Amino acid sequence: MAEPVQEELSALAAIFCGPHEWEVLSRSDGVSVCRPDWSAVAGSRLSAASASRVAGITETDGTMFRIHTKAEGFMDADIPLELVFHLPVNYPSCLPRISVNSEQLTRAQCVTVKEKLLEQAESLLSEPMVHELVLWIQQNLRHILNQLETGSGNAKCTFSTSTTVDDGLWITLLHLDHMRAKTKYVKTVEKWASDLRLTGRLMFMGKMILILLQGDRSNLKEYLTLQKTSKVDVDSSGKKCKEKMISVLFETKVQTEHKRFLAFEVKEYSALDELQKEFETAGLKKLFSEFVLALVK
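Scope of this entry: the structure provided in the associated data block. (Residues numbered from 1 in each chain as written. Predicted model: local features only at pLDDT ≥ 70, side-chain atom pairs only at ≥ 80, totals over all residues. Heavy atoms only, no water.)

A rise of 1.5 Å per residue sets the reference length of helix 6 (residues 217-229), with its 13 residues, at 18 Å; its end C-alpha atoms lie 19 Å apart and thus fit the reference within 8%. Among the 13 residues of helix 6, 10 are classified as buried, and the element is accordingly described as predominantly covered. Buried within helix 6 are the following residues: Arg 217, Ser 218, Asn 219, Leu 220, Lys 221, Tyr 223, Leu 224, Thr 225, Gln 227 and Lys 228. Next to the buried residues of helix 6 lie helix 1 (3-15), helix 4 (130-149), strand 5 (169-176), helix 5 (182-195), strand 7 (208-216) and strand 10 (246-253). (Helix = DSSP H or I, 4+ residues; strand = E, 2+ residues; numbered from the N terminus. Expected span 1.5 Å × (residues − 1). Buried < 20%, exposed > 50% of the residue type's maximum accessible area, 1.4 Å probe, protein only. Contact = heavy atoms within 4.5 Å.)

This is the structure:
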């Protein structure tokens, strides 16, 4: 498997880290031997084995994984989507194969969504694209369904090419194992937060390193992609390396009791009670008790 694809899979696993959001169905470095018709899979709930069998996928076909997500549909209601991606061994030089399933969509709607995803994928050819495609469908599903409803599904249509999803304000808590090149690492994190319009805290207490981020959900996911795929630190020999030891402790939509951070700040704490006070002031006492305390036990 090519390194860019391995990096993309690692980033996707970090981004779609909620319960049942991400599942690798099959993985192989062999040579692709068939080109299945994925329309046979769209709109049907199949097990991993059944999906592979119906689609004609063998163990030598590359990597196949499932992402569960939601997108805004009619009347601003969230529609659950099950997206199965198959990355052939020569991806991203060729398009991924995609199936779409949802208990709230008809088979015809699922097929149309798949076709629109593949059209969007053509504009991203030669670069990792799965995360971009997921963000795109989250933003454009409602427009696709509206066109089907009005009978204009075959007409030339204009969809947003932006992958910014207006999903309200979200908050996420990340844990880093270490920083060897601390000064450079901190500056990089500050730049990413600024570029993505994220606020929050980069917190140091002894050996503990936490990043608390607040902002648009798609920007939070983009931050995680940068964190996982950029050479932001150095290894024990001083060679630049990617972050391999980051974990997402918590992610949720900002609640009324949560403080809105006005800026991104880097802070050092000399004792646990100081760190606890920071969380309590931000309305995150429960978050501290459930996730942060577990790191010091």
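So, next bit.
On to the nonpolar core, then. If you look at the biggest cluster of nonpolar residues, it comprises 53 residues, and the most contacted ones within it are Phe 85, Leu 117, Val 130, Leu 202 and Tyr 223. Among the elements that make up this core, the one with the highest residue count is helix 4 (eight residues). When residues no more than four places from it in sequence are discounted, the contact partners of Phe 85 are Thr 63, Met 64, Phe 65, Ile 67, Arg 97, Ile 98, Val 130, Leu 133 and Val 134. Counting residues in each nonpolar core, the second largest holds 18 residues, with Met 203, Val 254, Phe 261 and Leu 275 among its members. (Core = buried A, V, L, I, M, F, W, Y, C linked by side-chain atoms within 4.5 Å.)

Relative orientation of the contacting elements helix 4 and helix 6 amounts to 180°, with a least axis distance of 12 Å. With respect to helix 6, the axis of helix 4 lies roughly antiparallel. Taking contact as the criterion, the partners of His 131, Glu 132 and Leu 135 in helix 4 are, on helix 6, Ser 218, Lys 221, Glu 222 and Thr 225. Across the contact of helix 4 with helix 6, the residue classes break down as one nonpolar, three polar and three charged. (Axes fitted to C-alpha atoms, helices over the stretch in contact; angles between N-to-C directions. Parallel < 35°, antiparallel > 145°, perpendicular 65-115°, else oblique. Nonpolar A, V, L, I, M, F, W, Y, C, P; charged D, E, K, R; others polar.)

Another point: the packing of aromatic side chains. Under the criterion given, the structure shown has five aromatic pairs. Relative to Phe 288, the ring of Phe 279 has its centre 5.5 Å away and its plane inclined at 50°; by these criteria the two rings are tilted. Phe 288 matches Phe 279 in its accessibility class, with the two residues each being buried. By way of ring pairs, the aromatic residues Trp 22, Phe 65 and Phe 85 are connected into one cluster. For the cation-ring pair, Lys 182 lies above Phe 204, with the distance from its terminal atom to the ring centre recorded as 4.1 Å. (Phe/Tyr/Trp six-rings, centres within 6.5 Å; stacked < 30°, edge-to-face > 60°. Lys NZ or Arg CZ within 6 Å of the ring centre and 35° of its normal.)

This structure, assessed with the given rule, holds 10 salt bridges. Residue Asp 195 is joined to Lys 191 by a salt bridge in which the shortest nitrogen-to-oxygen separation is 2.7 Å. Of the two residues, Asp 195 and Lys 191 are both situated in helix 5; the distance of four residues between them amounts to about one turn of the helix. One salt bridge connects Lys 267 with Glu 278, and the closest N-O pair in it is separated by 2.9 Å. (Salt bridge = Lys/Arg side-chain N within 4 Å of Asp/Glu carboxyl O.)

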